[in-house]
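# Descriptive analysis of the structure
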Amino acid sequence: MQGFLDVLSFLIRPEVLLCAGLGTLLGVYVGAIPGLSGTMAVSLLVSLTYTWSEVPAIALIMGMFVGVVYGGSRSAILLNIPGAPAAVATGFDGYPLAQKGKAAQAMGLACVQSFIGTVLGILALALLTPQIAKISSLFKSVDFLLLGLIALLLVGSVSRGNLLKGLLGASLGLFLGCIGNTSQFSVNRFTLGIRYLDGGVSFIVAMIGLFGAGEALYQLSLDQPPVRQEVPKRIIPPLKTVLKHLPLTLFSSVLGIIVGALPGAGGDMAALLSYDAAKRTVRKPEVPFGEGAVEGLIAPETANNAAIGGALIPMLTLGIPGDAITAVLLGALSMRGVSHLSLLSARPDLFHLILAALILAAVFLLLFGLSGIRVFVKMLKIPKGLLMPIILVLCVVGSYAINMNVYDVLLMVLFGFLSFVFKRFSYPVAPVVLGLILRNLLETNTVRVVLLFGDLSMFSVLSPFLLALLIALPILSWVRGRKERV
């Protein structure tokens, strides 16, 4: 009861209200710009608010955290260029919906689902933190390795019906992720003597090239009729649509919370896993996945925002960040003298502040997320000959702004041409990104497993269940494929 009153006391403080709202507004629009990642935005806020007091600084940062995760869906839906890694899966069905003249409805549905996912993630953070933290702490190297292998099975879902091409893309992504200095053995790999590559391939630069520059070049090469224009009469999705897909929403939220609570997983993996799960479990979508299925939009948009609450759980209880943004947040708290592993016991007042800021950010997400949609939809009216060169310029600026390094721009251009070639020959680009995302998780834990080989302590009580799931998923996919062919 006292904890509830403490959260309520923060909710009614003007500086918390103002900063949470401002952070959410900035996050929604920053997240919509490819290249301006949530990690970058939060890092800038941490430096700008270093001299502020704890209350407004944390409220602003948490608002940005919530807003930027949803914001990435806007460019993914409109242009098939995700504004953030967590929005990669959103474009699979969001962009086809926009091509059918339903961009406003898609963005409205994404906003509502993001709101629901955020609220459920906050509830899990508030009510289930100790229990979920215990489950998260059970994971060992073998379990993370199995989780990464399970995630690789997503190749079948993101390959649009061509598994062989998808495997080729994922293998290329894993290879590109291996470029640079290894953290385990301090050995340079595949750098060809180029010192710039010692630090590895930047995931953000690769994403800008693959989904930004590559998509722009591909669109310029096509001679397609203009996209169907719409007069968005209704942006907020009907209540019956939300209720109809409530089971999928709840399932995706739970999956997002659990995956988000696993250190290093984050919203991008949560969104991809949720999309794959929806594709496997939804029996009769109104249209096939990949062609504008609302289920393919609901699942990732719910999961990536639910993962926010999940990612904060190991940070607050174990001092282990759940994703890159919580790693930055943990660093910011450390700079303020909060060094205890368990913030929950050391500084319960900050825990209550974080909860209050998240609640306000969720409310503001619904308000700001539904605003400006009509303006964004007008982007579809801009001729491709004008819009795509602008996007190419933004890709150059965005990739340069990451490290102020011209080599990042050159690398982005190379990824752009790679994406263009893939698209011209009908190879899916998403598996390349999947390989890049999973490389670190797979390699790090493979090395640990090899070093601990023969030691039974490297297994946990969860290992048999994850192994069974890894074996069962391809079998279930094969059985389902046979039934569909029959």
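Up top you'll find the structure we're talking about.
Residues numbered from 1 in each chain as written. Predicted model: local features only at pLDDT ≥ 70, side-chain atom pairs only at ≥ 80, totals over all residues. Heavy atoms only, no water.

Bringing empty space enclosed by the protein into the picture now. Any empty space left between the atoms is revealed when a probe the size of a water molecule rolls over them. On inspection of all chains with the given rule, the structure shows two cavities of 30 Å³ or more. Together, Pro85, Ala86, Val88, Ala89, Asp268, Ala271, Leu272 and Ile437 line the second largest cavity. A per-element tally of the lining of the second largest cavity places helix H14 (residues 266-281) first, with three residues. When grouped by side-chain class, the residues that make up the lining of the second largest cavity number seven nonpolar, no polar and one charged. (1 Å grid on protein atoms, 1.4 Å probe; cavity = no way out; pocket = protein on both sides within 12 Å on 5 of 7 lines; lining within 4 Å. Points joined across faces, edges and corners; volume = space filled by probe spheres on them. Helix = DSSP H or I, 4+ residues; strand = E, 2+ residues; numbered from the N terminus. Nonpolar A, V, L, I, M, F, W, Y, C, P; charged D, E, K, R; others polar.)

Let us look at the packing of aromatic side chains. Here the structure, examined in full by the defined rule, presents four aromatic pairs. Between Phe92 and Tyr275, the ring centres sit 5.1 Å apart and the planes meet at 70°, which makes this aromatic pair edge-to-face. Of the two residues, Phe92 is situated in helix H5 (residues 90-99) and Tyr275 in helix H14; the sequence distance between them amounts to 183 residues. For the pair shown, Phe92 and Tyr275 are each scored as buried. By the ring-pair criterion, three or more aromatic residues cluster together here, those being Phe92, Tyr275 and Phe289. Just above the ring of Tyr29 sits the side chain of Arg74; from NZ or CZ to the centre is 5.4 Å. (Phe/Tyr/Trp six-rings, centres within 6.5 Å; stacked < 30°, edge-to-face > 60°. Buried < 20%, exposed > 50% of the residue type's maximum accessible area, 1.4 Å probe, protein only. Lys NZ or Arg CZ within 6 Å of the ring centre and 35° of its normal.)

This next bit is on the nonpolar core. In terms of nonpolar packing, the biggest core is built from 126 residues, with Met62, Leu125, Leu312 and Leu358 touching the most fellow members. Per-element accounting of this core gives the leading share, 15 residues, to helix H4 (residues 54-79). (Core = buried A, V, L, I, M, F, W, Y, C linked by side-chain atoms within 4.5 Å.)

Moving on, we get to the packing of H4 against helix H18 (residues 348-369). Remark: H4 packs on H18, axes separated minimally by 8 Å, with the N-to-C direction vectors making an angle of 40°. Relative to H18, the element H4 is oriented oblique. Between H4 and H18 the crossing geometry is right-handed. Between H4 and H18, the contacting residues are Glu54, Val55, Ile58, Ala59, Met62, Gly63, Val66, Tyr70 and Arg74 on the first element and Leu350, Leu353, Ile354, Ala357, Leu358, Ala361, Leu365, Phe368 and Gly369 on the second. Of the residues assigned to the contact of H4 with H18, the class counts are 14 nonpolar, two polar and two charged. (Axes fitted to C-alpha atoms, helices over the stretch in contact; angles between N-to-C directions. Parallel < 35°, antiparallel > 145°, perpendicular 65-115°, else oblique. Left-handed = near helix turned anticlockwise from the far one by under 90°. Contact = heavy atoms within 4.5 Å.)

All right, on to the pattern of salt bridges then. As enumerated under the stated definition, the model contains four salt bridges in all. Ionic pairing is found between Glu15 and Arg13, a salt bridge with its closest N-O pair at 2.7 Å. The exposure class of Glu15 is partly exposed, given its relative accessible area of 28%. With its nearest N and O atoms 2.7 Å apart, the salt bridge here joins Asp276 to Arg280. Here Arg280 and Asp276 lie together in helix H14, a separation of four residues that amounts to about one turn. What makes Asp276 buried here is its relative accessible area of 6%. Three or more residues are tied together by salt bridges with common partners; here these are Arg189, Arg439 and Glu443. (Salt bridge = Lys/Arg side-chain N within 4 Å of Asp/Glu carboxyl O.)

Moving on, we get to a nonpolar patch on the surface. On the surface, a cluster of nonpolar side chains totalling about 530 Å² of accessible area is made up of Tyr400, Met404, Val406, Tyr407 and Leu410. Residue contributions to the nonpolar patch peak at three residues, all from helix H21 (residues 406-424). In this structure, Val406 sits in helix H21. (Patch = residues over 30% accessible without salt bridge, like charges linked within 9 Å, V, L, I, M, F, W, Y side chains within 5 Å. Areas by Shrake-Rupley, 256 points an atom, 1.4 Å probe, with all protein chains shown as cover.)

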